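Report on the structure
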Amino acid sequence: MSTTDATLLVVDDNEDNRYTLTRRLAREGYGNVLTASNGREALQVLEASKIDLVLLDIMMPEMNGYEVLERMKASVTLRPIPVIMISAVDEVDSVIRCIGAGADDYLSKPFNPTLLRARVGASLERKQLHDQVVAQAADLAEWNRTLEKRVSDQLAEIERVGRLKRFLSPQIANLVVSAGDDHVLESHRRAVTVVFCDLRGFTAFAETAEPEEVMSVLNAYHAVLGPLIYKYEGTLERFAGDGLNVLFNDPLPCPDPSVRAVRMAVEMRVGVSDLAAKWHKLGHELGFGMGIAHGYATLGRIGFEGRYDYSAIGTVVNLAARLCAEARSGQILIDPKVHAAVEAMAETEAIGELALKGIHRAVPTFNVVAMAEGAVGVP
């Protein structure tokens, strides 16, 4: 807004003075000029209209210019409006009193047109700068509120992702968060491929080794297995000591859960085999076995506020655990469903029917020897 677009208020009890000043301001380009004949009327106009500058007479009946000025400077909303005092009283004491009360400038009547033009223009420019500063401060405050909300939302999202990453791969955790809800973690039933693995000989090792040695072995072991779980986008249901339980096809479905599980298992076997060779040089006789089964389970988030886990319950979970327990070092034992899914891309050998604890019928079991050369799989 230019200064000539500003709205001015002329306050004077003398009608001729109001007319003369209004005409003069109009010739200077100020088309929006309101008038008031006394102090009380001036305050009413100020409350009802957006005024950018007041030209205020001092000597008026009922409420003089000094009182109007004091009322304006006592008001939070009216205080920023610049005031130029106009009076026939050309005394130093009057000037000092007005300036001390908060007036921006002072003009004597009869006023000089050139001086009027300069002082009105200067006062309006100061008002315009003040308004810009206020608007910028409001914009900054709003920006700060927006920034604070964004930071708060981001921290909440980071916390949420952190909770999800305790049992989901980073890819899946980020996908769940980006979807805007975690309904996929509610209790449901789904066909999943379950992988169990642990170290052979770990219990005896842990009983005789120093705690620092046990921790060193576990850290190296988890460092090999963890990235592979993430690589194949498995869901880490739990790990306890040397035992890990990984799910595929949940909470988000994938088209080839058994293929992913077996490919991951083969890579895990290679990685732990390299570790086992190093452990052997240190006198630690540790092997690695795995069990994989496919079937329906009930899945969902369990626990309490502040500590949740994602868990699967069903016969398929028990079957994978029992196959893992039966596996010798280096074996990856799989059930018939997993075998049917991977037989075209994996070299397997039949182990026979195993009677497994908690499983009513003997289970035809296969050992995964290797992935077939040139086999297509994921990722």
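To continue, consider the overall build of the chain. A tally of helices and strands in the chain yields eleven helices and 13 strands. For the chain, the C-alpha radius of gyration of 42 Å lies well beyond 21 Å, the compact-globule estimate for 379 residues. Overall, the chain is about 120 × 45 × 40 Å in size when its C-alpha atoms are taken along their principal axes. A buried classification covers 43% of the 379 residues belonging to the chain. Residue pairs at least 24 apart in sequence account for 67% of intrachain contacts in the chain once pairs closer than 6 positions are excluded. Of note, the chain has its 39 positive side-chain charges centred 2 Å away from the centre of its 51 negative side-chain charges.

Okay, the nonpolar core next. Judged by nonpolar contacts, the single largest core of 42 residues is most densely connected at Tyr-221, Met-264, Trp-279, Phe-288 and Ile-292. Looking at this core element by element, the count peaks at eleven residues for helix 9 (residues 257-281). Of all hydrophobic cores here, the second largest spans 24 residues; its members include Val-54, Met-60, Tyr-66 and Ile-81.

The geometry of two aromatic rings is summed up by the distance between their centres and the angle between their planes. Counting across every chain of the model gives two aromatic pairs. Between Phe-202 and Phe-205 the ring centres are 6.0 Å apart and the planes differ by 55°, which places this aromatic pair in the tilted class. Remark: Phe-205 and Phe-202 occur in helix 7 (residues 202-208); sequence separation between them is three residues, near one turn of the helix. Look at Phe-205 and you get buried, because its relative accessible area is 7%. Taking the centre distance of 6.1 Å and the plane angle of 75° together, the rings of Tyr-221 and Phe-288 count as edge-to-face. Placement of the pair is Tyr-221 in helix 8 (residues 211-231) and Phe-288 in strand 9 (residues 287-304), with a sequence separation of 67 residues. Each member of the pair Tyr-221 and Phe-288 is classed as buried. Seen from the ring of Tyr-66, Arg-97 lies directly overhead, with NZ or CZ sitting 3.7 Å from the centre.

What follows deals with the sheet that holds strand 4 (residues 83-87). Taken in spatial order, the five strands line up as 2-1-3-4-5 in an open sheet, and their pairing is parallel. The sheet is open, and its two borders are formed by strand 2 (32-36) and strand 5 (105-108), each paired with just one other strand. Neighbour-to-neighbour, the strand axes of the sheet open up by a mean angle of 20°, direction not taken into account. Where strand 1 (residues 7-11) meets strand 2, five bridges bridge the pair, whose relative direction is parallel. Paired with Val-11 across the two strands is Ala-36, which belongs to strand 2. Here helix 2 (residues 39-48) sits on the sheet in contact with strand 1, strand 2 and strand 3 (53-57), set at roughly 140° to strand 2.

At a minimum axis distance of 10 Å, the contact between helix 8 and helix 9 shows a crossing angle of 160°. Accordingly, the angle class assigned to the pair helix 8 and helix 9 is roughly antiparallel. Once helix 8 is placed against helix 9, the crossing between them reads as right-handed. Here Val-217, Ala-220, Tyr-221, Val-224, Leu-225, Leu-228, Ile-229 and Lys-231 of helix 8 come into contact with helix 9, specifically with Met-264, Glu-267, Met-268, Gly-271, Val-272, Leu-275 and Trp-279. Across the contact of helix 8 with helix 9, the residue classes break down as twelve nonpolar, one polar and two charged.

Negative phi characterises most residues that are not glycine, and trans characterises most peptide bonds. Each neighbour pair has its own omega, and for Asp-250 with Pro-251 the value is 10°, a cis peptide bond. Of note in the backbone geometry, Glu-233 takes a positive phi value of approximately 60° without being a glycine. Topologically, Glu-233 is positioned in the loop between helix 8 and strand 7 (235-240).

Together, Leu-140, Trp-143, Leu-147, Val-151, Leu-155 and Ile-158 make up a nonpolar patch on the protein surface, roughly 600 Å² of accessible area in all. With respect to the secondary-structure elements, Leu-140 resides in helix 5 (residues 113-164). Exposure remark for Leu-140: the relative accessible area of 49% places this residue in the partly exposed category.

A few words on the side chain of His-284. Position of His-284 among the secondary structure elements: in the loop between helix 9 and strand 9. Dropping the residues within four chain positions of it, His-284 is found in contact with Phe-205, Glu-213, Val-217 and Trp-279.

By the secondary structure assignment, Asp-105 is in strand 5. When the C-alpha positions of Asp-105 and Ala-240 are compared, they lie 81 Å apart, and in sequence the two are 135 residues distant. Apart from residues no more than four positions distant in its own chain, Asp-105 is found in contact with Val-83, Ile-84, Met-85, Ile-99 and Arg-119. There is a polar contact of 3.5 Å between the side chain of Asp-105 and the side chain of Arg-119.

We now examine the confidence of the model for the chain. Per-residue pLDDT for the chain has a mean of 87; in total, 91% of the residues score no lower than 70. The element-level mean pLDDT for the chain is lowest in helix 6 (residues 170-179), coming to 68, with strand 11 (residues 332-334) highest at 98.

Conventions and cut-offs
Residues numbered from 1 in each chain as written. Predicted model: local features only at pLDDT ≥ 70, side-chain atom pairs only at ≥ 80, totals over all residues. Heavy atoms only, no water. Helix = DSSP H or I, 4+ residues; strand = E, 2+ residues; numbered from the N terminus. Rg over C-alpha atoms; globule rule 2.2 N^0.38 Å. Buried < 20%, exposed > 50% of the residue type's maximum accessible area, 1.4 Å probe, protein only. Contact = heavy atoms within 4.5 Å. Lys, Arg positive; Asp, Glu negative; His and termini not counted. Charge placed at Lys NZ, Arg CZ, Asp CG, Glu CD. Core = buried A, V, L, I, M, F, W, Y, C linked by side-chain atoms within 4.5 Å. Phe/Tyr/Trp six-rings, centres within 6.5 Å; stacked < 30°, edge-to-face > 60°. Lys NZ or Arg CZ within 6 Å of the ring centre and 35° of its normal. Pairing = 2+ DSSP bridges. Axes fitted to C-alpha atoms, helices over the stretch in contact; angles between N-to-C directions. Parallel < 35°, antiparallel > 145°, perpendicular 65-115°, else oblique. Left-handed = near helix turned anticlockwise from the far one by under 90°. Nonpolar A, V, L, I, M, F, W, Y, C, P; charged D, E, K, R; others polar. Patch = residues over 30% accessible without salt bridge, like charges linked within 9 Å, V, L, I, M, F, W, Y side chains within 5 Å. Areas by Shrake-Rupley, 256 points an atom, 1.4 Å probe, with all protein chains shown as cover. Salt bridge = Lys/Arg side-chain N within 4 Å of Asp/Glu carboxyl O. Polar contact = N/O pair within 3.5 Å; in protein donor to acceptor, adjacent residues only side chain to side chain. pLDDT = per-residue confidence, 0-100.

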